[in-house]
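Below are the chains, spelled out letter by letter.
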Amino acid sequence: MAMNHFHARSKRSPAASQRRGHEASVAVSTPPQADRSHSTATTTPTDLCRLDLQLVARGLAPSRTAAQRLIAVGAVHVDGTICRKAAHRIPADATIIVADTARPRYVSRAGDKLDAALTALGWSVAGCVALDVGQSTGGFTDCLLRHGVRRVVGLEVGHDQLASPLRTQALVVSAGTNPDAAAVRDVPIVTFEGVNARHITPAQLGALFPPAGFDLIVGDLSFISARTVWPAVLTLASSTARLIWLVKPQFELGPAALSKNGIVRNWAQHEPALKQQMVTALDALGWHTVAWFPSPIRGGGVGNQPGNQEFLIAAVRGTPTQTSDPGSH
């Protein structure tokens, strides 16, 4: 929709404004409004709010990133008109409707990627204690909990990234802090913030480190190669642990393989090498790869351009007990 069309709609007659206000009260709950029956004041810039922030505030999107994706694909209607600009400022009492089919299942697209891997592998993770490396907004964590994982311990180098629907269930721990066992007994999510996974040790996790190690390790990292964190992270696994890791080619291949926007230039040439270097790295650490397959969702690109094809690699520690291979080992 052209934005001048959207702005034109804001010039309503008093009767139209009254009708729109009634529709807003039906479509979505809005903050209480002051009595304006005797006021002739118009909306001022301070009464306006970014559309993406309004989606999160009203519970229509789990995070700002998710809100921006919904807006970009044309799934958001403001006062009956599609709006494709996340930064567009709207009145606090505007009617916002999001197409049900566009709403994400998890707090981020990462959840759908992991869900696809679990389905393809046929792995049950119910009752497991899992480690989520590069937790971020919590897409992997959300997916694991819905698949019956008993607890997820997340490692995140940043701060305040966990999406609010998960944050309400989580104990967030700052680096260098070790909560005691009583404090975490019934907590499904524990997030360690400000942690560099390359140097993680069991001692840093304190009571959150399972005596036998983690049953499952998942990972989704950006701006760093998985191979630089595996030597530390994989020592936290149990002797029969399983691994699912999202491989992002732009952080594993050298600059020569990428365009100026970080997109792999020649997949036919680089994918076999990428797969081999990941399998070799795991093998050196005592892990056996059982599956390598493309993610059903591409990575984020620059602007409206598609991102890189990402891959999921699955492995087991020690002697493999299955040969699940949706994409061949």
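Residues numbered from 1 in each chain as written. Predicted model: local features only at pLDDT ≥ 70, side-chain atom pairs only at ≥ 80, totals over all residues. Heavy atoms only, no water.

Participant: Help me understand the overall build of the protein, please; the structure alone is not making it clear to me.
Facilitator: When its secondary structure is counted, the protein shows 11 helices and 13 strands. Taken across its 329 residues, the protein has 45% of its residues classed as buried. Split by element, the accessible area of the protein, about 16,200 Å² in all, is 53% carbon and sulfur. (Helix = DSSP H or I, 4+ residues; strand = E, 2+ residues; numbered from the N terminus. Buried < 20%, exposed > 50% of the residue type's maximum accessible area, 1.4 Å probe, protein only. Areas by Shrake-Rupley, 256 points an atom, 1.4 Å probe, with all protein chains shown as cover.)

Participant: For this particular structure, what's the right way to read the nonpolar core?
Facilitator: General note: in soluble globular proteins, nonpolar side chains tend to be found buried as a group. Judged by nonpolar contacts, the single largest core of 41 residues is most densely connected at Ile 217 and Trp 245. Residues within four places of Ile 217 in sequence aside, it is in contact with Leu 131, Val 133, Val 233, Leu 234, Ala 237, Arg 242, Leu 243, Ile 244 and Trp 245. Counting residues in each nonpolar core, the second largest holds 25 residues, with Cys 143, Leu 246, Ala 314 and Val 316 among its members. (Core = buried A, V, L, I, M, F, W, Y, C linked by side-chain atoms within 4.5 Å. Contact = heavy atoms within 4.5 Å.)

Participant: It is not clear to me how the pattern of salt bridges should be interpreted in this structure. Could you clarify?
Facilitator: For side chains bearing opposite charge, pairing can occur when the charged atoms are close. The final tally for this structure, using the stated rule, is 7 salt bridges. We note a salt bridge from Lys 248 to Asp 220, for which the minimum N-O separation is 2.8 Å. Placement of Lys 248 in the loop between strand 11 (237-247) and helix 11 (267-284) and of Asp 220 in strand 10 (residues 214-220) is noted, with a sequence separation of 28 residues between them. On the accessibility criterion, Lys 248 (12% relative accessible area) is buried. What makes Asp 220 buried here is its relative accessible area of 16%. If you follow the salt bridges from partner to partner, you end up with Arg 50, Asp 52 and Arg 64 in one network. (Salt bridge = Lys/Arg side-chain N within 4 Å of Asp/Glu carboxyl O.)

Participant: For this particular structure, what's the right way to read the packing of aromatic side chains?
Facilitator: Aromatic ring pairs are defined here through the distance separating the ring centres and the angle between the ring planes. One pass over the full model with this rule turns up 4 aromatic pairs. Aromatic side chains Phe 223 and Phe 251 sit 5.2 Å apart centroid to centroid with 55° between the ring planes, which places their arrangement in the tilted category. Placement of Phe 223 in the loop between strand 10 and helix 10 (226-233) and of Phe 251 in the loop between strand 11 and helix 11 is noted, with a sequence separation of 28 residues between them. Against the face of Trp 123 rests Arg 242, its NZ or CZ located 5.0 Å from the ring centre. (Phe/Tyr/Trp six-rings, centres within 6.5 Å; stacked < 30°, edge-to-face > 60°. Lys NZ or Arg CZ within 6 Å of the ring centre and 35° of its normal.)

Participant: Would you mind going over helix 4 (residues 64-72) with me for this structure?
Facilitator: One turn of the α-helix equals 3.6 residues, which is why residues spaced by three or four share an orientation. Listed in full, the buried residues belonging to helix 4 are Ala 66, Ala 67, Leu 70 and Ile 71. Burial along helix 4 is one-sided: seen end-on, the buried residues are contained in an arc of 140°. Summarising the contacts, the buried residues of helix 4 are in contact with helix 3 (51-57), strand 2 (76-78) and strand 5 (96-98). Backbone geometry just after helix 4 places Gly 74 at a positive phi near 80°. (Arc of directions from axis to C-beta.)

Participant: Whenever I open this one, the sheet that holds strand 3 (residues 81-82) confuses me. Can you help?
Facilitator: Picture the strands of a sheet paired through backbone hydrogen bonds; they go either parallel or antiparallel. Spatial strand order, 3-2-5: 3 strands in an open sheet with antiparallel pairing. Two strands close off the open sheet at either side, each with one partner strand: strand 3 and strand 5. (Pairing = 2+ DSSP bridges.)

Participant: Help me out: how do you make sense of the sheet that holds strand 11 in this one?
Facilitator: Pairing is mixed across the open sheet formed by 8 strands, whose spatial order is 8-9-7-6-10-11-13-12. The open sheet is flanked by strand 8 (170-174) and strand 12 (287-294), the only strands paired with a single partner. Mean inter-strand twist for the sheet, computed between neighbouring axes without regard to direction, equals 15°. Those strands touched by helix 5 (residues 109-121) are strand 10, strand 11, strand 12 and strand 13 (311-317), and its axis lies near 125° from that of strand 11. (Axes fitted to C-alpha atoms, helices over the stretch in contact; angles between N-to-C directions.)

Participant: Quick question: what am I supposed to make of helix 6 (residues 139-146) here?
Facilitator: The buried count for helix 6 comes to 6 of 8 residues, which makes it a mostly enclosed element. Within helix 6, burial applies to Gly 139, Phe 140, Thr 141, Asp 142, Cys 143 and Leu 144.

Participant: I tried to follow unusual backbone geometry on my own but got confused; where do I start?
Facilitator: Glycine aside, residues mostly have negative phi, and peptide bonds are mostly found in the trans state. With a phi close to 55°, Ser 136 is a non-glycine residue in the positive phi region. Residue placement: Ser 136 occurs in the loop between strand 6 (129-133) and helix 6. One non-glycine residue with positive phi stands out, namely Phe 223, at about 65°.

Participant: What exactly am I supposed to notice about the environment of Thr 240 here?
Facilitator: With respect to the secondary-structure elements, Thr 240 resides in strand 11. Considering only alpha carbons, one finds Thr 240 and Ala 212, 28 residues apart in sequence, at a separation of 9.7 Å.

Participant: What should I look at first to understand empty space enclosed by the protein in this one?
Facilitator: The gaps left among the atoms become clear once a water-sized probe is rolled over them. Here the structure, examined in full by the defined rule, presents 1 cavity of 30 Å³ or more. When its volume is computed, the largest cavity comes out at roughly 40 Å³. Looking at the largest cavity, the residues that line it are Leu 221, Ile 224, Ser 225, Ala 226, Trp 245, Leu 246, Val 247, Lys 248, Phe 251 and Glu 252. A class-by-class count of the residues in the lining of the largest cavity yields 7 nonpolar, 1 polar and 2 charged. (1 Å grid on protein atoms, 1.4 Å probe; cavity = no way out; pocket = protein on both sides within 12 Å on 5 of 7 lines; lining within 4 Å. Points joined across faces, edges and corners; volume = space filled by probe spheres on them. Nonpolar A, V, L, I, M, F, W, Y, C, P; charged D, E, K, R; others polar.)

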